[in-house]
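Fold and geometry: a report
For reference, the chains in residue letters:
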Amino acid sequence: MKRFVLAFAFGLMVCVTASGWGREGHETIAKIADRNLKPSVRKKVESYLGHSIVYYAKWMDDYRHTQEYGFTSPWHACTVDEDLKYVPQPEGDAVYGINYAMENLKDYRNLPDSAVVVNIKYLLHLAGDLHCPAHVAYQGRDYSFQVDFGGGYIKPRVKTNIHGVWDYLAIQSCRIWSVSDYAHELDRLPKKDIREIAKGTPQDWLEESAERCLLQFELAHPEDRLQQDFVNAAMPLIETQMLYAGYRLAHILNSIF
C-alpha cells in the first residue's frame, strides 16, 4: 500500500511539472528582476551569462528533458500539506533547487565559470516556478483536471488541463505586450514594499504563495467552461505572483553577487 501511495504521489507531481510559466511569464519575471538588480550585480551576472537574465529565464524548461539535466525535472514544483506547510520531496523540488543554487553560489568566485552559469540559470527559472499557482501541489486536493477555456484573444476555445490555463493561457488571453512593457506595468511598488516582499526564505515564500493561490480552487473546477469572468478574477493573482517572484529573484542575486 505504501508503495502505491508513493507511486500515486509521484504521478501527481509529474502532472504538476508538465510545464512552467509560459515564455511570457518566465521572461516577465526575469525582466522585473533585472529592473531591480544593482548595476554592479547586473554587470557581473551578465559577464557570466553573456546575456541579460531574461535570455535564460526559460532555460530549465528547454533542458529538463535532456540526459544531462533530466535530474532537475522534479524541481519545477513544490508540495504543501493540508496545513499549507512545505513537504520536501525525495527527488528535489523548487525550494530544494533554489537553496542548492544559492548554497553553491556563495563560493562563486572559486567555482568554474560553467558551474556559476548553470546555478544562475537554476535561480532564474525556479524563482518563477515557486510562485506559479499550478506548481503548488496541494496534498488532498485535485489540482490537475480538464477545463474548456476561451476568452479574450484565445479563439477558438480549447480543451486543456487547468495547469496550462494558469501557466500561460490566461496571460495570452489578455496581455499582448512585450516582456519589457509588461514588466514596466507591473513593477510599480515603492522600495519599502519591495524590501518587505523580499524578506524570508524560499520555504517562507512557498507557504505564503500556497495560501494566496488557494483562490484557484474557487475560480475553476473540473469540466468548467472558463471565460472572460474567470480571466478577470485570475489575473490579479497571476500578476501578483509574477511580481513577487521577480522581486525575490532580484533579492537573491543582489545578495549573492
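Relevant structure appears above.
The structure contained in this document is the topic of the report that follows. Every value quoted in this text rests on a predicted model; they were computed, and no experiment measured them. (Residues numbered from 1 in each chain as written. Predicted model: local features only at pLDDT ≥ 70, side-chain atom pairs only at ≥ 80, totals over all residues. Heavy atoms only, no water.)

A word on the packing of aromatic side chains
Basically, it comes down to this: What counts as a ring pair is set by centres within 6.5 Å for rings of Phe, Tyr and Trp (its six-membered ring), and what kind of pair is set by the plane angle: stacked under 30 degrees, edge-to-face over 60, tilted for all other angles. A helix here means a DSSP run of H or I that spans at least four residues, while a strand means a run of E at least two residues long, and both kinds are numbered starting from the N terminus. The rule is simple: take the accessible area with a 1.4 Å probe, protein chains only, and divide by the maximum for that residue type; under 20% is buried, over 50% is exposed, in between is partly exposed.
Across all of its chains, the model carries 17 aromatic pairs by this definition. Pairing Trp 59 with Tyr 69 gives two aromatic rings, centres 4.9 Å apart and planes at 75 degrees, and the pair type is edge-to-face. Here Trp 59, found in helix α4 (residues 59-63), pairs with Tyr 69, found in the loop between α4 and β1 (78-80); they are 10 residues apart in sequence, far enough to count as distant. Tyr 69 shares its class with Trp 59; the two are buried.

Observations concerning the layout of surface pockets
Operational definition: Grid spacing is 1 Å over the protein atoms alone, the probe is 1.4 Å, and a cavity is where that probe fits but cannot get out, while a pocket is an open set with protein on both sides within 12 Å along at least five of seven lines and lining residues have an atom within 4 Å of a point. Grid points are joined across faces, edges and corners, and a volume is the space filled by probe spheres set on the points.
If you add up the space inside the second largest pocket, you get close to 210 Å³. Secondary-structure elements contributing two or more residues to the lining of the second largest pocket are α9 (191-197) and α12 (228-256). Element by element, the count of residues in the lining of the second largest pocket is highest for α12, at 4 residues.

Some thoughts on the environment of Gly 25
The test is simple: Here, two residues are considered to be in contact whenever any of their heavy atoms come within 4.5 Å of each other.
With respect to the secondary-structure elements, Gly 25 resides in helix α2 (residues 23-35). Taking the C-alpha atoms as reference points, Gly 25 and Ala 183, 158 residues apart in sequence, are found 10.0 Å from one another. Other than its neighbours up to four places away in sequence, Gly 25 contacts Ile 171 and Met 242.

Notes on the side chain of Lys 121
Put simply, the test is: By the counting scheme adopted, Arg and Lys are positive, Glu and Asp are negative, and His together with the chain ends is not counted. We count a salt bridge whenever a side-chain nitrogen from Lys or Arg sits within 4 Å of a carboxyl oxygen from Asp or Glu.
Structurally, Lys 121 can be placed in helix α6 (residues 113-129). One buried charge, Lys 121, has no salt-bridge partner; the nearest side chain with opposite charge is Glu 68, at 9.3 Å. If we ignore the near neighbours within four places in the chain, the residues touching Lys 121 are Tyr 56, Trp 59 and Met 60.

Structural notes on helix α7 (residues 162-174)
As a reminder of what qualifies: Any helix carries an expected span of 1.5 Å times its number of residues minus one.
Here α7 contains 13 residues, and its C-alpha end-to-end distance of 17 Å stays within 8% of the 18 Å for a straight helix at 1.5 Å per residue. The element α7 is largely enclosed, with a buried count of 11 among its 13 residues. Among all positions in α7, only Ile 162, His 163, Gly 164, Val 165, Trp 166, Asp 167, Leu 169, Ala 170, Ile 171, Ser 173 and Cys 174 are buried.

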